[in-house]
Number of protein chains: 2
Amino acid sequence: MKLATIKDGSRDGQLAVVSRDLKTAQLADAIAPTMQAALDDWNFIAPQLQEIYEQLNSGKAYRAFDFDQKNCMAPLPRAFQWADGSAYVNHVELVRTARNAEMPESFWHDPLMYQGGSDDFTGPNDDIVLGSEEWGIDFESEIAVITDDVPMGCTPFDAASHIKLLMLVNDVSLRNLIPAELAKGFGFFQSKPASSFSPVAVTPDELATAWMDGKVHLPLRSSWNGKLVGQPNAGVDMVFSFPQLIAHLTKTRNARAGTIIGSGTVSNKDASKGYSCIAEQRCLETIANGAAATPFMQFGDTIHIEMLDVRGKSIFGAIDQTVKQGPGKKA
Amino acid sequence: MKLATIKDGSRDGQLAVVSRDLKTAQLADAIAPTMQAALDDWNFIAPQLQEIYEQLNSGKAYRAFDFDQKNCMAPLPRAFQWADGSAYVNHVELVRTARNAEMPESFWHDPLMYQGGSDDFTGPNDDIVLGSEEWGIDFESEIAVITDDVPMGCTPFDAASHIKLLMLVNDVSLRNLIPAELAKGFGFFQSKPASSFSPVAVTPDELATAWMDGKVHLPLRSSWNGKLVGQPNAGVDMVFSFPQLIAHLTKTRNARAGTIIGSGTVSNKDASKGYSCIAEQRCLETIANGAAATPFMQFGDTIHIEMLDVRGKSIFGAIDQTVKQGPGKKA
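Definitions and limits used
- Residues numbered from 1 in each chain as written.
- Chains lettered and ligands numbered in written order.
- Predicted model: local features only at pLDDT ≥ 70, side-chain atom pairs only at ≥ 80, totals over all residues.
- Heavy atoms only, no water.
- Pairing = 2+ DSSP bridges.
- Helix = DSSP H or I, 4+ residues; strand = E, 2+ residues; numbered from the N terminus.
- Axes fitted to C-alpha atoms, helices over the stretch in contact; angles between N-to-C directions.
- Parallel < 35°, antiparallel > 145°, perpendicular 65-115°, else oblique.
- Left-handed = near helix turned anticlockwise from the far one by under 90°.
- Contact = heavy atoms within 4.5 Å.
- Nonpolar A, V, L, I, M, F, W, Y, C, P; charged D, E, K, R; others polar.
- Least-squares fit on C-alpha atoms with pLDDT ≥ 70 in both.
- Buried < 20%, exposed > 50% of the residue type's maximum accessible area, 1.4 Å probe, protein only.
- Polar contact = N/O pair within 3.5 Å; in protein donor to acceptor, adjacent residues only side chain to side chain.
- Buried area = accessible area lost by both parts, 1.4 Å probe.
- Salt bridge = Lys/Arg side-chain N within 4 Å of Asp/Glu carboxyl O.

Enquirer: Tell me what's going on with the sheet that holds strand β20 (residues 302-307) of chain A, and back it up with residues and numbers.
Expert: Residue and element names in this part refer to chain A. Taken in spatial order, the five strands of this open sheet run β8-β21-β20-β17-β18, and their pairing is mixed. Whereas interior strands pair on both sides, the edge strands pair on one side only; in this sheet they are β8 (128-130) and β18 (227-230). With direction set aside, neighbouring strand axes in the sheet form an average angle of 25°. With five bridges connecting them, strand β17 (residues 220-224) and β20 associate as antiparallel partners.

Enquirer: Give a detailed account of the pairing of strand β21 (residues 319-325) of chain B, specifying residues and quantitative values.
Expert: Residues and elements named next belong to chain B. In this sheet, β21 lies alongside strand β8 (residues 128-130) in parallel orientation, the contact comprising three bridges. For Ile128, the partnering residue across the bridge sits in β21 and is Val323. With four bridges joining them, strand β20 (residues 302-306) and β21 adopt antiparallel strand pairing. Bridging across to β21, Ile303 finds its partner in Gln321.

Enquirer: Summarise the packing of helix α3 (residues 89-98) of chain B against helix α7 (residues 278-289) of chain B; cite the residues concerned and give the values.
Expert: Residues and elements named next belong to chain B. Contact geometry of α3 with α7 gives a least axis separation of 9 Å together with a crossing angle of 45°. Classified by the angle their axes make, α3 and α7 are oblique. Both α3 and α7 take part in a crossing whose hand is left-handed. Each of His91, Leu94, Val95, Thr97 and Ala98 in α3 lies in contact with α7, whose residues at this interface are Glu280, Cys283, Leu284, Thr286 and Ile287. Considered class by class, the residues forming the contact of α3 with α7 number six nonpolar, three polar and one charged.

Enquirer: So what about the relation of the copies chain A and chain B? Which residues, and what values?
Expert: Each copy superposes on the other: chain A lies on chain B with an RMSD of 0.0 Å after a rotation of 180° and an axial shift of 0.0 Å. The superposition operator between the copies reduces to a two-fold rotation axis. For chain A, the residue whose C-alpha comes nearest the rotation axis is Gly187 of chain A, separated from it by 1.9 Å. In this assembly, 100% of the residues forming the interface of chain A have copies in chain B that are likewise at the interface, indicating an isologous arrangement.

Enquirer: I'd love a proper account of the side chain of Ser132 of chain B, names of residues and values included.
Expert: Residue and element names in this part refer to chain B. Following the sequence through the fold, Ser132 ends up in the loop between β8 and β9 (137-138). For Ser132, a relative accessible area of 4% corresponds to the buried category. Within the local environment of Ser132, its side chain forms a polar contact with the backbone nitrogen of Glu134, the two atoms lying 3.0 Å apart.

Enquirer: With reference to specific residues and values, describe the interface of chain A and chain B.
Expert: Between chain A and chain B, the contact holds 56 residues from the first and 56 residues from the second. Across the chain A to chain B interface the summed buried area is about 5300 Å²; carbon plus sulfur atoms make up 54%. Its largest share of buried area at the contact with chain B, chain A owes to Phe80, Phe186 and Phe189 of chain A, together 18% of the area lost on that side. At the surface where chain A touches chain B, the tally comes to 10 salt bridges. A salt bridge links Lys184 of chain A to Asp110 of chain B; the nearest nitrogen and oxygen atoms lie 2.9 Å apart. Contributions of two or more residues to the side of chain A that touches chain B are made by α1 (35-40), β6 (81-85), β7 (113-116), β8 and α6 (242-249) of chain A. If you tally residues by element for the side of chain A that touches chain B, the top one is β7 of chain A, at four residues. Broken down by class, the residue content of the side of chain A that touches chain B amounts to 27 nonpolar, 15 polar and 14 charged.

Enquirer: Quick rundown of the pattern of salt bridges? Include the residues and the values.
Expert: Residues and elements named next belong to chain A. Scanning the entire structure with this criterion turns up 34 salt bridges over all chains. Across the pair Arg78 and Asp12 runs a salt bridge whose closest N-O atoms are separated by 2.9 Å. Taken together, the positions of Arg78 in the loop between β5 (72-73) and β6 and Asp12 in the loop between β1 (2-6) and β2 (14-18) put the pair 66 residues apart, joining distant regions of the chain. Asp12 gets classed as partly exposed once you look at its relative accessible area, which sits at 23%.

Everything listed here is a matter of coordinates, which is why it stays silent on function.
Structure representation (structure tokens):
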């Protein structure tokens, strides 16, 4: 099943079911007005949405309309939790190597995770509005899951069944704000502006055999200014599966329905697969040549993030954003 | 005006208006079903709630019932954003001094702030359920504000008008998980379990002249196992006002309606005012005697947090919690 949230001027938009081929959709208003409402009561709501989905796919939905990705908000336009892991430890190791910092051995068995802002997600085609290019604007192409209620102390084994939906994420990062911010010891804050999500969230069964061991075994494609710069396989070199990330999150607290958990920047050790964020390319350049050559994003730059199935069809629709200048730079 | 969220078995509870003396209340269901709904449309909703408030205070509300703090959820049982500052830099300096770490001079003009989990707040009288005493269970008595929509790049001057409500917070912390977690560089995560909030959220005018310069100039009283251990004045030694914290939050992104921003542990340089978290007492002991003597909280311990006005009346009602053992300890 594929679900989207349609822009209607409200804060939470309208929940819609989208056909597998992303061509048609039908509002779910008679079943659940919003994505959060569906997640709050998933076991009761999901089968009803699935019925519409099957009607759409067989061309029998009687209120179908043409699906336009440009009319989408993030599937959850605002969420009660957004926690982002860093499961591709290769990425972390590269960043460390580039700045001559050793990576603790514990990073291979204890997940990194940070709490992100979740009150103001941007839609898949919304501009990335920021105050200054000097902040070091970077995209980060990731995969994320949405859970139902997960109790404190959940094991990785039990966590798998709590994954209800998957999406793509652009976890925009402000690289030049990160060093000073992390030095303060409290983690990311200003360096993580609003994240964006794919037009469509899908149930795990939509990934068929590509969903295995709590990982998505397909390439994640990132195109920067129209040029494909990365296509690492999200199932390769993911050291912590989504169930493991969920177990990490719930060690000391519950996670409530609508919790979004990100994979971290998708990254393969095989450098020929390219990169899912500019910082990684700059690290490779620094390691090879002693200095980074690729600049961060400028106003006007575009980023396109998409995942295709084995037949070349888009699974989640595309994140397609342009960086724009916002309110004047502040010190 | 004073507002509360009444337990009704639902995730968001029912919005109620509470009389100034905290003795009676009336459901606001005809105006806004939930606190978030009120905040989403505050300018339209607040005057209608204010009318009920005046009726309650004059004994003329026709659907009033006895207000019972024990029936309260957190004013926002789940929120789209919880960002906690550390505005009492004295507290930060003590922690640093105790572990022989110098505090960067920048901490006096650049606020510390971390993004907290906001999907599962506990109510003022709910138990603090945790897996292990070995985690180093501590309370943190704080003040928090709730904002409406704040645009990116908001100045401290403009931020003041975005503060709609104030509450008390118990920002429970797991001290023994903090060192390893901060060493990983991504900030707090497992070391910050669910926070609790006061029964009632109040509009700034309820504080009269105690609300000045974006700070609350009244003592915050913390009683641990029935013994008053702290009563620092929240208006003293608060280096960053709430408007300054909001400006920090919105440097690179918008903050949407219902954003909660915490002050950090209230702390006065005058040590005779006691402490708002055990860690601070332990730091003082370490500085004086080379070792901490006061243990962290044990299962069965209670914590009571309250603020009284100049006439000794409770403003927000009381946070009154007991620490309980939850699901078995996990490594």
